[in-house]
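Letter by letter, the chains look like this.
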Amino acid sequence: MTKVTYLYHSGFMVETDKSCLVFDYYTDGGAMDNIDLAAFENKNVYVFVSHFHQDHYDREIFKWKDKNVRYILSRDCIFDKSIPNVTRVSANKGYIIDGAQIETLKSTDEGVAYIVHIDGLTIYHAGDLNWWHWNEESDAFNNMIKRQYTSEINKIKGMSVDIGFVPVDTRLGDKYILAIDYLMRNVDIKHIFPMHFWKDYRIFDLLKGDIRTKEYRDRIMRIEGPGQVFEL
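How each quantity is defined
Residues numbered from 1 in each chain as written. Predicted model: local features only at pLDDT ≥ 70, side-chain atom pairs only at ≥ 80, totals over all residues. Heavy atoms only, no water. Phe/Tyr/Trp six-rings, centres within 6.5 Å; stacked < 30°, edge-to-face > 60°. Buried < 20%, exposed > 50% of the residue type's maximum accessible area, 1.4 Å probe, protein only. Lys NZ or Arg CZ within 6 Å of the ring centre and 35° of its normal. Salt bridge = Lys/Arg side-chain N within 4 Å of Asp/Glu carboxyl O. Helix = DSSP H or I, 4+ residues; strand = E, 2+ residues; numbered from the N terminus. Pairing = 2+ DSSP bridges. Axes fitted to C-alpha atoms, helices over the stretch in contact; angles between N-to-C directions. Contact = heavy atoms within 4.5 Å. Parallel < 35°, antiparallel > 145°, perpendicular 65-115°, else oblique. Left-handed = near helix turned anticlockwise from the far one by under 90°.

> Hey, could you go over the packing of aromatic side chains for me, with residue numbers and the actual values?
Tallied over the entire structure, the rule returns 20 aromatic pairs. Ring plane angle 65 degrees and centroid distance 5.3 Å describe the contact between F197 and Y201, whose orientation is recorded as edge-to-face. The class for F197 is buried, based on a relative accessible area of 2%. Within the aromatic cluster, the residues linked to one another by ring pairs are Y6, F12, F23, F48, Y114, F165, F193, F197, Y201, F204 and F230. In this structure, R70 is placed above the aromatic ring of Y46, and the distance from its NZ or CZ to the ring centre is 5.7 Å. Lying over the aromatic face of F79, K81 brings its terminal NZ or CZ to 5.0 Å of the ring centre.

This is how it looks when you write it as structure tokens:
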């Protein structure tokens, strides 16, 4: 059985029988500090950071440095060089770290997105790789982001993914859906988790009621709060 725990914002934990993967852990100043890795001492633990923005890169992750943890950090993240087991990654590269096969895509903001193949699963975590269409921005800017986003997703077009995490941000207004819609129409994802919505849970009602999600809305996992566990 695979378990997915929603931590907060873009933070998720994926547990398999052998491994524990933590993506973009963010505690919001300690208010959402909700992981105890003592429960995973017999598993390989991988901690992923997509980029240096504080809502994706919380230094609280380094309190686990004396445990069985491998850190996979986007190259733009600054860290104490004394911390063990750190691998810095760049966009559009491949890595093998203690049995985990990792590929990266280039974000439309900062850093990378991750595709992780581990324990028979394929996991996609977008970080801030998003179709950032801001209605107040120029057509030139929005068209540039469109080209960048679709180009990166096309690199994994047709891939079979078990678990995906993608930004769905209500600040984008009526364009909130562009990234998840393009992703779901081009990549075969069994379970998709919206993220980067802060505490704006109305995003799930918007997605459910949007005619564009008809073909894949049964694969959208509804999140109700931090700490929620999904058994897949």
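> Would you mind going over the pattern of salt bridges in detail, with residue names and values included?
Following the criterion strictly, the structure yields 13 salt bridges and no others. Of the charged contacts, one joins K155 and E152 as a salt bridge, the two residues approaching to 2.7 Å between their closest N and O atoms. For K155, a relative accessible area of 44% corresponds to the partly exposed category. Note on E152: relative accessible area 8%, which makes it buried. D181 is paired through a salt bridge with R185; the nearest N and O atoms lie 3.0 Å apart. Of the two residues, D181 and R185 both sit in helix 2 (residues 178-186), 4 residues apart, roughly one turn of that helix. Using a relative accessible area of 15% as the deciding quantity, one classes D181 as buried. Taking the relative accessible area as the measure of exposure, R185 reaches 41% and is therefore partly exposed. Here the residues in one salt-bridge network are D33, E60 and K63, joined through shared partners.

> Could you give an account of the sheet that holds strand 8 (residues 100-106), with specific residues and numbers?
Within a sheet, neighbouring strands are paired by backbone hydrogen bonds and run either parallel or antiparallel to one another. The 6 strands lie next to each other as 7-8-9-10-11-12, forming an open sheet whose pairing is mixed. This sheet does not close on itself; its edge strands, each paired only once, are strand 7 (94-97) and strand 12 (188-195). Here the strands of the sheet are splayed against their neighbours by 20 degrees on average, with no regard to which way each runs. Examined bridge by bridge, strand 8 and strand 9 (residues 112-118) share 6 bridges and lie antiparallel to one another. Among the inter-strand pairings, T104 is bridged to a residue of strand 9, identified as Y114. In the packing of helix 2 onto the sheet, contacts are made with strand 10 (121-125), strand 11 (160-167) and strand 12, and the angle to strand 12 comes to roughly 170 degrees.

> Talk me through unusual backbone geometry; I want residue IDs and the actual numbers.
The residue N92 is not glycine, and still its phi comes out positive at about 60 degrees. Along the chain, N92 falls in the loop between strand 6 (86-89) and strand 7. Take N92: its relative accessible area is 37%, and that puts it in the partly exposed class. Located in the positive-phi region is D98, a residue other than glycine, with phi close to 50 degrees.

> For the pairing of strand 7, give the residues involved together with the corresponding values.
Burial along strand 7 is one-sided: Y95 and I97 are buried, while G94 and I96, pointing the other way, are not. As paired elements, strand 7 and strand 8 share 4 bridges and run antiparallel to each other. Within the sheet, the bridge partner assigned to G94 lies in strand 8 and is E103. Connecting strand 7 to the next strand, strand 8, in antiparallel fashion are 2 residues, including D98 with a positive phi near 50 degrees.

> I'd like to hear about the packing of helix 1 (residues 139-154) against helix 2, residue by residue, with values.
Axis separation between helix 1 and helix 2 bottoms out at 10 Å; the angle between their running directions is 25 degrees. By the angle between their directions, the pair helix 1 and helix 2 is classed as roughly parallel. Regarding helix 1 and helix 2, the two cross each other, and that crossing is right-handed. Taking contact as the criterion, the partners of Y149, T150, I153 and N154 in helix 1 are, on helix 2, A179, Y182, L183 and N186.

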